[in-house]
Structure formats: C-alpha cells, structure tokens
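# Geometric and topological summary
Here is what each chain is made of, one letter per residue.
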Amino acid sequence: MRKSLLLAVLAVAAVVPAWGQKQQSAPWWQHAVFYEIYPRSFADSNQDGLGDLKGITAKLDYLHQLGVDAIWISPCYPSPQYDFGYDVADYENIDPMYGTLADFDKLAREAHRRGIRVIMDFVLNHTSSQHPWFLQSKSSRSNPKRDWYIWRDGKGAGQPPNNWQSDFGGSAWSFDAATKQYYYHYFEAQQPDLNWRNPAVEAAMFDVTRFWHRHGVDGFRLDAVDTLFEDPALRDNPTLAGKNEFGDAEMKNLYNDKLEENHAELRKLRQVTDANGQILIGETWTDSIGELKTYYGAHDDEIQMPMDFMFTTINKISVSEFRRQIALAESAGWPVFVIGNHDMARSYTRYGDGQHNEAIAKLMAAMQLTLRGTPILYYGEEIGMETHQPERKEDVKDPLGVSGWPQQKGRDGERRPMQWSAAENAGFTRGTPWLPVDAGYKTHNAAVEDRDPQSILSFYRSLLALRHTSFALLDGDYLPLDESNAQVLAYARKSAKESIVVVLNFSAAPQSFAPDWKALGADAAKTEVLLSTVEGTSSIKDGKIQLSPFSVCIARLHK
Ligand code: GLC
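Residues numbered from 1 in each chain as written. Predicted model: local features only at pLDDT ≥ 70, side-chain atom pairs only at ≥ 80, totals over all residues. Heavy atoms only, no water.

Take the domain arrangement of the chain next. For the chain, the domain assignment lists domain 1 (31-125 + 201-226 + 267-465) and domain 2 (132-184). Between domain 1 and domain 2, the C-alpha centre-to-centre distance is 32 Å. The interface of domain 1 with domain 2 comprises ten residues on the first partner and five residues on the second. Summed over both sides, the interface between domain 1 and domain 2 buries roughly 570 Å², with carbon and sulfur atoms accounting for 77% of that surface. Broken down residue by residue, the surface that domain 1 buries against domain 2 is led by Val-201, Ala-204 and Leu-400, which jointly contribute 53%. Counting every contact that joins domain 1 to domain 2 gives zero salt bridges. At the boundary of domain 1 and domain 2, one finds one residue pair in polar contact (both at pLDDT 80 or more). (Domains from an automatic or database assignment. Contact = heavy atoms within 4.5 Å. Buried area = accessible area lost by both parts, 1.4 Å probe. Salt bridge = Lys/Arg side-chain N within 4 Å of Asp/Glu carboxyl O. Polar contact = N/O pair within 3.5 Å; in protein donor to acceptor, adjacent residues only side chain to side chain.)

Right, dumping it as structure tokens:
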C-alpha cells in the first residue's frame, strides 16, 4: 500500500509543472524550493578536483527531477579563494577555476529551460584584499578610492582604533605600514569591509546587480548583510564575561552589527532589484524574531526572504522548541526555513541520534518542506550527507578552522564533495578532490538512492512532488495541533481547496496521535494518507494515527 502511494507521488514528480502552468496567485519564490550549491564541491567536469559551472549544468536534470525551482550558487567570482570565494576580486566575472561567463550564460539558459531560477551570492559587506578597488585604496591616503573602505588612525603606537574583533578571531583592524593607518574587516584581514556610507560604493555595487540581470540572474543571496554599517564614532563594543572560541574576550557587537542604517540601504537596493524582477534572500543572523521582522521592512520593502537562522540553532529534536520557533517565524512574515548550509554542521549529523539517522533525516525534511514558507535546501541533504571534521590541523582548509583550531575546526566537514555514486571519489571527480570524500558515500549517494524507493532521496522527491501539487502545502494556513504534546509535532495546513495534516513523531518510541477530527471538520475514516514513513503498523487505526519511532505521516482530510 505504502509503496504504491509512494510510486504515485513519484509519478507526479516526473511532471512537475513548468512556470506558467503553476498557480499564479503568489510570487514565484513563495512556491519555490531553493537549493544551495557550493560550487567547489558539487560536480567536477574537467577532473581537476574542483567543482565547476559546467559540472552544475550537467546536473540540472538531477535537480529538476528532485523538484528544485531555484539554485543559489555560492560565490563563483574571481577570487584568491582565501575564504573560498567569499573574498571577491571582481564582481562581474567568473573565476577561471569555475569556467567562463559564457559557461555561466549557458548554465542560466539551461536552468531556465527547466524552470529553475538562478540566484547569485552577493558578497556586499567586503571585497577581497586583492580587489583592484582595495589595491587602489591602500596605495595612498589621497587615492580617490581611499574612502571606499574604512581607514582610521590607531589610538596610539600598535593600538587599533577600537576594541572590535574579527569574526574569525583577533582584532578587526589591520595596520598598513605604508600609509600608517588601520583598515577594518569584520571577517579576515583578507576581507576588508566596504564603506557603504560612500555613494560611489553604493552605485558600484548596485550596478553589479544590473550586470547579473543582463546575464539572466533572478536574485541574490545577500552575504553578511547584518554588518554593512559601522558606528561612525567607532565606539568600543561592550565586553562580556568569558572567552570566545578564539580565546578572545566575549563581546557584544553593539556598534558594528545590525545598525539601523542597514534598513535604509536595503530599501534602496530593493528598488534596484525590483526594477529588474530580482529577489533578495538574506543571510540574516538574528537573535530575536523582532530583529528578523525588521529585515522584511516596515512595508515589505526590504528583503523578501530573510533566512530564519534561529531555526538552525535548535540543535536537538525538540518538539517544544521547534513548535515555538515555527510560531514565531509565522508571526514575522513569509517564513524562510533552513536546516543547513556551508557554515554549519550538516543536519543529518546535528539531529541524528546514531540509531535512527535515516528516519530522522526524513523527519527533518518533512518538517522543513511542509511548513508554510520557502525552504532552502543545502546540496547533499537530500541524500543524507554527513559532517565529519578534519582530524589533524594540517588537513584543515577553512581559514576559520586554521585560526580557531582545536576549539573551532572550521567548515570543511560540511563542504565535502557531493556524493553522486559509489564509484571512486563518489563520482565527483576522477582527479584528487580538494576535500576528502566522506566515508558515507558508498551507501549515501545519488545513484544508489535513486534505485531505492525507501531512500532519503526518494523521500525528498516524493515530498517535493507533493508540495508542488498541493494547494494546502503551497498556500494553506499553518494550524498547530495538540500544542502540549511533547513527543509529536503536528499541524494542519488548510487552504480553501484542501486540508492536510502533518504528524511528526519526534521520539524514539512508537506514538499514537488522535487529531480532533471534529474540530478539523474531517471524517477520520476518509483520511487519505499521502506520504508516510511509518513502519510495522497501518498508519491509521480507530481514528488514531500510528507512528513508529521518528516517523512521518502526511494525510489529506475529507469531510
Ligand atoms: C558569510 C558566509 C561565510 C563567509 C562569511 C564571510 O557568513 O556564509 O561562508 O565565511 O560570510 O564572507
């Protein structure tokens, strides 16, 4: 029974409707599923051990079959690769290691042909220290580009202008011996901050969005958007008790993080991108829902999709914490749900208990993909890729891991090559991969999972297919059910045309869940199970949904 249902849903996946055939009521990005590609690690077409754009193009059919509507490509611009592309040396080109602009144009064309939009990563807080703008800026105090960055005198010999700390450890100021001033960098010294108070910087960066519009880009993920502005008086940040992972004093970034000025700038940027039909996604590391809310803009005139990272900081399978965060996200605006990316341990590893990892991976997927909002997947989540940290400091590639070792081992573990098959190097490359392939590749790879109807990949495909064709999942309201239940997270998604219940067992024990059928206006006997991972029992018995450990049941309600 379950198998045939699964197959029915898979059959729908094969005909995921193209643009135009989809419902037009909501903006496209509210109905879309996004997928982050870390280009170094996705697919290597020229066998040099590094992924590239032609590699991505060759995998578009895989992404289309998965049901992805938009890809966000982490930076592929020319870069010294100090922070693996988050140090941009030219915003209007492609790094030769990834290919050419012509390769990009082909990728955009081929993606669009399949109904997949293309989002670029826009690193607007800082450039590379090798960007010609910075090279000019540092060449002399009187260079016209001097004020494109933040240069200040020190407080005294060997003393930076204030106590601000780099996110990667140490002072956020580096001294330039030639011009005898300090420049500011929220991240590494190789990533000097742009001065967004300078209108010439703003104009140049806005032009970048127009350039990519001409190359078919549908939107931007705004990197480090919290930290565009700094206090002009450069006041010291308050220090807190204790030390951070780099051994520096803990600090509250009061004067260089989430300044009010951000919002006026985002409103201006939004006008530019709106004019070209491009959307904005934000890397918004907020501490409260109030803060997250500000990023949508008082009149929905800032970022359409600020990511809710508070969701990712719940690092355990906790019904109450997720229920609470979902309710908060619901109250802020159109939610954007993320469970992993290139900066954090993979969700399979963060949530897995070592015993039920497969079931838990499906459980997390079911939650992320059935909530009201837009999900952003991270490559490899759909096949259950894991994070394993490097064991020796000499193997670490990420500068964060180099400066933070051993407390902070960096992000290499979640950036390993995509696992395409059980072949050598997981089918990613015939060369030497830039990071080791994870040991889990023999069982967790796209080719093997493609053939297994019970695999994580098959489950993702079924979920995406269901989501794309369900009025309730696309547009329905979110209604939490049985809110005091500490084992089962359950909710209804209700639209005028359809009602669906999603029941997620967040525990290692079997559970039985009885929705209030009457309150839902449904006849229990007519409930139609659409997708389920329940094992060893029928999904519904005597009006109760039966759940094996960490299982999922998604059902359509009928009167
Ligand atoms: C963002 C990126 C991260 C990068 C940092 C500096 O947080 O996601 O990978 O290191 O910005 O650009």
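Turning to the sheet that holds strand S19 (residues 540-541), a few remarks are in order. Reading across from one edge, S17-S20-S19 is the order of the three strands in this open sheet, with antiparallel pairing throughout. The two strands at the open ends of the sheet, each matched to only one other strand, are strand S17 (511-513) and S19. Pairing geometry for S17 and strand S20 (residues 544-547), over three bridges, is antiparallel. Bridge pairing in S20 places Gln-511 opposite Leu-547. (Pairing = 2+ DSSP bridges. Helix = DSSP H or I, 4+ residues; strand = E, 2+ residues; numbered from the N terminus.)

Let's shift gears to the pattern of salt bridges. Here the structure, examined in full by the defined rule, presents 28 salt bridges. The residue Glu-261 makes a salt bridge to Arg-197 at a minimum N-O spacing of 3.0 Å. Here the residue Glu-261 occupies a position in helix H7 (residues 261-275), and Arg-197 occupies one in the loop between strand S6 (181-184) and helix H6 (199-214), the gap between them amounting to 64 residues. Given the relative accessible area of 38%, Arg-197 is considered partly exposed. It is possible to trace a salt-bridge network through shared partners that takes in Asp-83, Asp-343, Asp-398, Arg-411 and Arg-415. (Buried < 20%, exposed > 50% of the residue type's maximum accessible area, 1.4 Å probe, protein only.)

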